[in-house]
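Coordinate analysis (summary)
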Amino acid sequence: MSARPKDDLYGRYQDATTAHRGHKGSCTTCTDTERCPTGRGLFETFTRLQDAYLKRHQRS
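None of these values were measured; they are calculated from a predicted model. (Residues numbered from 1 in each chain as written. Predicted model: local features only at pLDDT ≥ 70, side-chain atom pairs only at ≥ 80, totals over all residues. Heavy atoms only, no water.)

**Describing the overall build of the protein chain**
- Broken down by element type, the protein chain carries two helices and zero strands.
- For the protein chain, with 60 residues in total, the buried portion stands at 23%.
- Taking the contacts inside the protein chain whose residues are at least 6 apart along the sequence as the reference set, 43% of them involve residues at least 24 apart.
- With the model as given, the accessible surface of the protein chain reaches about 4,700 Å², and the carbon-plus-sulfur share is 51%. (Helix = DSSP H or I, 4+ residues; strand = E, 2+ residues; numbered from the N terminus. Buried < 20%, exposed > 50% of the residue type's maximum accessible area, 1.4 Å probe, protein only. Contact = heavy atoms within 4.5 Å. Areas by Shrake-Rupley, 256 points an atom, 1.4 Å probe, with all protein chains shown as cover.)

This is the structure:
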């Protein structure tokens, strides 16, 4: 199997998921309802990419 291109939407979505979960697991400030500035940015990126990915696949 070949490596996925970095501009692949699914890959970027998964990378954002990993970054968000990693930060949330180590940040003492972030909760499920409140996030530090870094956590907020990571969560916003994750949700934006997740929405784009799901929207793309709902059209299929």
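**Points about the environment of Ala-16**
- In this fold, Ala-16 is placed in helix α1 (residues 9-26).
- Take Ala-16: its relative accessible area is 9%, and that puts it in the buried class.
- Ala-16 has contacts with Thr-45, Phe-46 and Leu-49, leaving out every residue within four places of it along the chain.

Everything listed here is a matter of coordinates, which is why it stays silent on function.
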